[in-house]
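Each chain is listed here by its residues.
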Amino acid sequence: MKEKQEKGFHAVPRSDIPDLQREGTAVRISRKHVEKTQVETWTVKPSAETQTQEPEALKKKRKPWSAKTKRTVRRWVIAGVLTAAVAAAYLTVTLQTYTGIEVLDQIQEAESGNSFYVRYGEDILSCDTDGVCLFDLDGKEIWKESVQFQKPVMQVSGESAAVAEQGGNDIAVFGEDGLRGQIRTTLPIEKMSVSDQGITAVILENGSAPVIQCYDVSGNVLIEYHVASSTSGYPIDIALSPDGTTLLISYLTMQNGKIDTKLAYYDFGKEHEDGNFEIGSGTYEDQLMPTVFFVSDDKSAAVGDEGFVIYQGSEPKETVNIEIKREIRSIAYNEEYIALILKNTESSGYELKLYDYDGKEIISKEFEGDYSNVKIDEGQVILFDGENASIFTEGGIHRFEGSAGADIKDIFVLKGINKYLMMSNKGTQTVRLTK
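Residues numbered from 1 in each chain as written. Predicted model: local features only at pLDDT ≥ 70, side-chain atom pairs only at ≥ 80, totals over all residues. Heavy atoms only, no water.

A. Examining the overall build of the protein more closely. A tally of regular secondary structure across the protein gives 5 helices and 32 strands. In the protein, 39% of the contacts between residues at least 6 apart in sequence involve partners at least 24 apart. A total of about 26400 Å² of accessible surface is found on the protein, and carbon and sulfur atoms cover 48% of it. (Helix = DSSP H or I, 4+ residues; strand = E, 2+ residues; numbered from the N terminus. Contact = heavy atoms within 4.5 Å. Areas by Shrake-Rupley, 256 points an atom, 1.4 Å probe, with all protein chains shown as cover.)

Below, the structure is given as structure tokens:
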């Protein structure tokens, strides 16, 4: 192909172009001056009027909001403003301390006798020397049973309630529909506990050999245990698990002139070949623990003069031990918290400490006033004595401090802002806290 191309093309030299390759040939190259064109630079400063004007191209690209978009934005703005207003109002209402009480409704007239009350699910159980009555939060009577007790004490667990004659021999067991059964003991009743199913455990006074018995709802003896106080100690409190299978007893023992407490757990839900039903225990030297109770089937507590302990598990073991080096004036508990009222040592007044059952301190609040009654209801600690009351929330807010204008028998938390059900010598009333 290369040979064909050479044959097809022939270059003819021009006479006006020098041959630079020839010897003796010289070429002079001269530079011709060319003036550069002058370029002017302009700096344009926009005026005040043009600075605020958008380019026409951007104006054309920006589309106006549709009517639907405007309505949506307007709704969100209004919702935000309303939410902020509601939040501000809520904080204003809940973060302050109230000092007055306004009666909203008179539910029941005052009754004669010394009645006491217990929350029973969504309703209230009342008990006095004339009998036991269940009524709802609107004051409507659900049922009433005429049972005679001169010095009644009441225990509630789940859907069961037991009322006993302190120092007597009679026990009445109640359910949602009223009286379920009656029990009569052969010895005076010292302490009592009831399970969710209505099984009732009691400590019966019998000199130096007290007797512990458990009954079913019909009054049949399920368990009987004769305590040898010289070896085991004297039983001072008793608690039955909600499922009715585990019994916790606090024993007072004396060692070398010192008072000790022994906590013993018994499992009656299984057969034990050796005849020993004890499944757990613990001894606390130089301490008196006169209050024991179950929080759930596998969690229980014991409260003494130097603090409290929590036991947990199918074979109960201590999981929490809170020491208190001050005088404990009173206690209260429910399924969530345990409250201790402590006497201040370096100043006047008292201190409220609220714990959960993991041993975590929820609140610690000092207050003045001496209150003989303390309870926990719907996450609030309520203290009252005579006409005076003080209320703290689980968030540590001192909700109320003042006089109710009546001799208070009990107070329960109602749904709604600052609403309560108050029983007093003026009857049962729905009240609201005021400034």
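Here the narrative resumes.
B. Examining the sheet that holds strand E21 (residues 317-323) more closely. Taken in spatial order, the 4 strands of this open sheet run E18-E19-E20-E21, and their pairing is antiparallel. The open sheet has two edge strands with one neighbour each: strand E18 (291-296) and E21. Between one strand and the next, the sheet's axes are offset by a mean angle of 20°, whatever the strand orientation. Pairing geometry for strand E19 (residues 299-304) and strand E20 (residues 307-312), over 6 bridges, is antiparallel. Following the sheet pairing, Ser 300 is matched in E20 by Tyr 311. (Pairing = 2+ DSSP bridges. Axes fitted to C-alpha atoms, helices over the stretch in contact; angles between N-to-C directions.)

C. Layout of the nonpolar core. Core analysis: the largest hydrophobic core is formed by 15 residues, its most contacted members being Ile 341, Leu 352, Leu 354, Phe 367, Ile 376, Val 381 and Leu 383. At the level of elements, strand E23 (337-343), strand E24 (350-356), strand E25 (361-367), strand E26 (373-377) and strand E27 (380-385) are the ones that each hand at least two residues to this core. Not counting residues within four places of it along the chain, the set of residues in contact with Phe 367 comprises Ile 341, Gly 349, Tyr 350, Glu 351, Leu 352, Leu 383 and Phe 392. (Core = buried A, V, L, I, M, F, W, Y, C linked by side-chain atoms within 4.5 Å. Buried < 20%, exposed > 50% of the residue type's maximum accessible area, 1.4 Å probe, protein only.)

D. Local environment of a negative patch on the surface. On the surface, Glu 159, Glu 176, Asp 177, Asp 196, Asp 297 and Asp 298 cluster together to form a negatively charged patch. Here Glu 176 is to be found in the loop between strand E8 (170-175) and strand E9 (178-184). (Patch = residues over 30% accessible without salt bridge, like charges linked within 9 Å, V, L, I, M, F, W, Y side chains within 5 Å. Salt bridge = Lys/Arg side-chain N within 4 Å of Asp/Glu carboxyl O. Lys, Arg positive; Asp, Glu negative; His and termini not counted. Charge placed at Lys NZ, Arg CZ, Asp CG, Glu CD.)

E. Structural context of the sheet that holds E27. Spatial ordering of the open sheet is given by E26-E27-E28-E29, a layout of 4 strands whose pairing is antiparallel. Each edge of the sheet is formed by a strand with only one pairing partner; in this case those strands are E26 and strand E29 (398-403). Strand after strand, the sheet turns through a mean of 10° between neighbouring axes, direction not considered. Where E27 meets strand E28 (residues 388-393), 6 bridges bridge the pair, whose relative direction is antiparallel. Residue pairing across strands places Gln 380 opposite Thr 393, the latter belonging to E28.

F. Expanded view of the pairing of strand E14 (residues 234-240). Among the 7 residues that make up E14, 6 are buried, leaving the element largely enclosed by the rest of the structure. Taken together, the 6 bridges between E14 and strand E15 (residues 246-255) define a ladder with antiparallel strand orientation. Bridging from a neighbouring strand, Ile 238 pairs with Ile 249 of E15. Linking E14 back to E15 in an antiparallel pair, the connection comprises 5 residues, with Gly 244 at a positive phi of about 75°.

G. Main features of the side chain of Ser 250. Tracing the backbone shows Ser 250 in strand E15. Since its relative accessible area comes to 0%, Ser 250 is described here as buried. With near-sequence residues (within four places) excluded, Ser 250 lies in contact with Tyr 234, Pro 235, Ile 236, Asp 237, Thr 261, Lys 262, Leu 263, Met 289 and Val 292.

H. Representation of a positive patch on the surface. Residues Lys 68, Lys 70, Arg 71, Arg 74 and Arg 75 make up a contiguous surface patch of positive charge. Turning to its location among the elements, Arg 74 is positioned in helix H4 (residues 67-94).

I. Structural detail: the pairing of strand E12 (residues 211-215). Of all 5 residues making up E12, 5 are buried, and the element is well covered by its neighbours. The alternating pattern of E12 places Val 211, Gln 213 and Tyr 215 on one face and Ile 212 and Cys 214 on the opposite face, and all of these are buried. Across 5 bridges, the pairing between strand E11 (residues 200-204) and E12 is antiparallel. Bridged to Ile 203 within E12 is Ile 212. What sits between E11 and E12 in their antiparallel hairpin is a turn of 6 residues, with Gly 207 showing a positive phi close to 65°. In this structure, E12 lies alongside strand E13 (residues 221-226), joined through 5 bridges in antiparallel fashion. In the sheet register, Val 211 faces E13, and the bridge partner there is His 226.

J. Representation of the packing of aromatic side chains within the structure. Applying the stated rule across the entire model yields 10 aromatic pairs. Judged by centre distance (3.6 Å) and plane angle (0°), the rings of Phe 293 and Tyr 333 are stacked. Highlighted residues: Phe 293 in strand E18 and Tyr 333 in strand E22 (residues 328-333), separated in sequence by 40 residues. Summarising the aromatic geometry, the rings of Phe 367 and Phe 392 are spaced 6.0 Å apart at their centres and angled 55° between planes, so their arrangement reads as tilted. Residue Phe 367 is found in strand E25, and its partner Phe 392 is found in strand E28; the two are separated by 25 residues along the sequence. (Phe/Tyr/Trp six-rings, centres within 6.5 Å; stacked < 30°, edge-to-face > 60°.)

K. Fine view of the environment of Cys 133. Relative to the assigned elements, Cys 133 resides in strand E4 (residues 131-135). Considering only alpha carbons, one finds Cys 133 and Glu 145, 12 residues apart in sequence, at a separation of 6.3 Å. If we ignore the near neighbours within four places in the chain, the residues touching Cys 133 are Ile 124, Leu 125, Ser 126, Glu 141, Trp 143 and Lys 144.

L. Layout of a nonpolar patch on the surface. A cluster of nonpolar side chains, namely Met 254, Ile 259 and Leu 288, defines an oily patch on the protein surface of about 260 Å² accessible area. Within the fold, Leu 288 resides in the loop between strand E17 (278-284) and E18.

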